[in-house]
Amino acid sequence: MPQIYLDNSATTPVSEEVFEAALPYLKDAFGNPGSIHSLGQQSRQAVNFARKQVAELIGAKPHEIYFTPSGTYSNNASILGRARFVEENGLGRHLITSGIEHSSALGPAKHLQSRGWKVDVLDVDAEGFIDFDQLLQLVTEETSIISIMWANNEVGTIQPVERIAKLAKERGIFFHTDAVQAAGKLKIDVSRIAVDALSITGHKLHAPKGIGALYVREGVEILPFVFGGGQEKGLFPGTESVANIVALGQAAEEASREYESNYEHLRSIQKVFVERFSALPNVTLTGPLDPEKRIPGHVSVIVHDRVGEDIVNAASEIGICISSVSACSSGHPSHVLKHLGYSQEQGFGSARISASGLNSYEECQYAAEILADIFAGKSVKSDSAHSSKVLGFPSQSHESNVARLDRHRSFMKNFHCSSNHY
Ligand SMILES: Cc1ncc(COP(=O)(O)O)c(C=O)c1O
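Residues numbered from 1 in each chain as written. Predicted model: local features only at pLDDT ≥ 70, side-chain atom pairs only at ≥ 80, totals over all residues.

Caption draft 1: Spatial organisation of the pairing of strand β10 (residues 298-303). Burial runs high along β10: six of the six residues are buried. Of the two faces of β10, the one holding H298, S300 and I302 and the one holding V299, V301 and V303 are both buried throughout. In terms of strand pairing, strand β9 (residues 283-286) meets β10 through four bridges, oriented antiparallel. From the neighbouring strand, V283 faces β10, where its bridge partner is V303. (Buried ≥ 20, exposed ≤ 12 C-beta atoms within 10 Å, placed from the backbone. Helix = DSSP H or I, 4+ residues; strand = E, 2+ residues; numbered from the N terminus. Pairing = 2+ DSSP bridges.)

Caption draft 2: Representation of the environment of A314 within the structure. As for its placement among the helices and strands, A314 is situated in helix α8 (residues 308-317). For the pair formed by A314 and I374, sequence separation is 60 residues and the distance between their alpha carbons is 7.1 Å.

Caption draft 3: A look at the confidence of the model for the protein chain. Taken as a whole, the protein chain shows an average pLDDT of 91; of its residues, 89% reach a score of 70 or greater. Note on residues 386-399: pLDDT is under 50 here. Beyond four places in sequence and across chains, it has 28 contacts. With pLDDT under 50 throughout, residues 411-420 is counted as low confidence; its partners more than four residues away or in other chains account for 14 contacts. (pLDDT = per-residue confidence, 0-100. Contact = placed C-beta atoms within 7 Å.)

Caption draft 4: Summary view of the sheet that holds strand β7 (residues 197-201). With respect to topology, seven strands assemble into an open sheet ordered β2-β8-β7-β6-β5-β3-β4, the strand pairing being mixed. Edge strands, defined here as strands with exactly one partner in the open sheet, are β2 (65-68) and β4 (118-122). For this sheet, the mean inter-axis angle between neighbouring strands, taken without regard to orientation, is 20°. As defined by bridge partners, strand β3 (residues 94-98) adjoins strand β5 (residues 143-147) across four bridges and the pair is classed as parallel. Residue I96 lies in a different strand from β5, and its bridge partner there is I146. Packed onto the sheet, helix α2 (residues 38-58) meets β2, β7 and β8 (212-216) and runs at close to 115° relative to β2. (Axes fitted to C-alpha atoms, helices over the stretch in contact; angles between N-to-C directions.)

Caption draft 5: Expanded view of the nonpolar core. Counting 113 residues, the largest nonpolar core has Y215, V246, A247 and L248 as its most contacted members. Ranked by residues supplied to this core, first place goes to helix α7 (residues 242-278) with 14 residues. Counting contributing residues, this core receives three or more from each of domain 1 (4-9 + 259-414) and domain 2 (16-255). Setting aside chain neighbours within four positions, we find L248 in contact with A50, V54, G202, A207, I211 and A213. (Core = buried A, V, L, I, M, F, W, Y, C linked by C-beta atoms within 7 Å. Domains from an automatic or database assignment.)

Caption draft 6: Summary view of the packing of helix α3 (residues 71-88) against helix α4 (residues 103-114). Viewed as axis vectors pointing N to C, α3 and α4 meet at an angle of 30°, and their least axial separation amounts to 8 Å. In terms of their interaxial angle, α3 and α4 are classed as roughly parallel. Note on packing geometry: the crossing formed by α3 with α4 is right-handed. Side by side, α3 and α4 meet where G71, T72, N75, N76, I79, L80 and A83 of the first sit next to S104, A105, P108, A109 and L112 of the second. Counted by class, the contact of α3 with α4 contains seven nonpolar, five polar and no charged residues. (Parallel < 35°, antiparallel > 145°, perpendicular 65-115°, else oblique. Left-handed = near helix turned anticlockwise from the far one by under 90°. Nonpolar A, V, L, I, M, F, W, Y, C, P; charged D, E, K, R; others polar.)

Caption draft 7: Region of interest: the environment of D120. Within the secondary structure, D120 is located in strand β4. Judged by C-beta crowding, with 19 C-beta atoms within 10 Å, D120 ranks as partly exposed. Contact partners of D120, with chain neighbours within four places excluded, come to I96 and L138.

Caption draft 8: Examining α4 more closely. Between the first and last C-alpha of α4 there are 16 Å, a value that for 12 residues agrees with the 16 Å anticipated at 1.5 Å per step. Inspection of α4 places S104, A105, L106, P108, A109 and L112 among the buried residues, and these make up the whole buried set. Buried residues along α4 sit against α3, β3, β4, β5 and β6 (174-178). Just beyond α4, the residue with positive phi is G116, at close to 100°. (Expected span 1.5 Å × (residues − 1).)

Here's what the structure looks like:
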């Protein structure tokens, strides 16, 4: 059955161009970049070239880019690495973050709190925007780190990063932003916006999983929290994952090149879903309603009286891949939706559709119709281009919905799963 993949905020397929670029480094060009012979130097040059490609995507200088094992590592290294610098230099131990950060930024913040740091968590409004006045009030002489994401993975909200960066710079505070969901989809120019550190991951922009990058502004200090060889200037020691690094470089170049056309394309796709879902009485669109204020191609909803997991399964049976953050298999009910003011019960029915430049407009029109039927609790039938199967929504009757929600509630009460929202 052909698939329509609309879960690009979770991960993206590796593009043809990226695959072709990386392949030689999995085969014949296997040298260790630390070796001085020709094979080693071939790998070294490939790593340096990729560094340049990633730097160009965000307006940085190549030596400001460090390759990391993932976005999770980039976030941890930035927050904990700066915290180590703060502690060793006797600076104020106060960190400000927001309540809707990814767990890989909230985790290090909580860890610092357990070590005696003061951690303030900013409120967000119903669309997920941080409260800038609250940020202004919370900043003190003791504040040494602000970490606020560029764009949110669950509800797509783009934060006022430029304003935050300006404030941080004026007060001499280190500002880190998690740009994992933004890189490649939104214009990022660190030569214009004064962020000190910025996290990227490869697998959200058509490179493989297990490769990331951290931008650290020239002159800004971060200390390592992993020790080993001197790779990545000692900040991320370990033999470089050359094929993955080459892939990330190529993905960055492709994203830069395709930026304008992808942006328009993703905005038009987003409109298709938003218009279709807005017409449904049991659906609430979550995150910013103004499309310019959210990640292009990203649509998130709450479907009332439905369990997100059922929606995802019903869509999957017909070949459409989307996601939900309400299912226990993927963690607690969303901390993001909670911060936006939704109840745990409402959070059960969350669904997220996230397109990439590889999705066609036509397949998204088709997917919007199918998903609208699933949201409405109707039986769905794929068209001939997909399959002739007629599928029943697993919880169509009111009674079975109620029973399912009850089952889900008690499941959530009894299980404590680790948060894993991507
Ligand atoms: C906003 C955000 N930050 C960080 C990460 C972690 O990136 P990685 O999967 O490369 O560890 C994710 C991944 O889902 C994310 O969405």
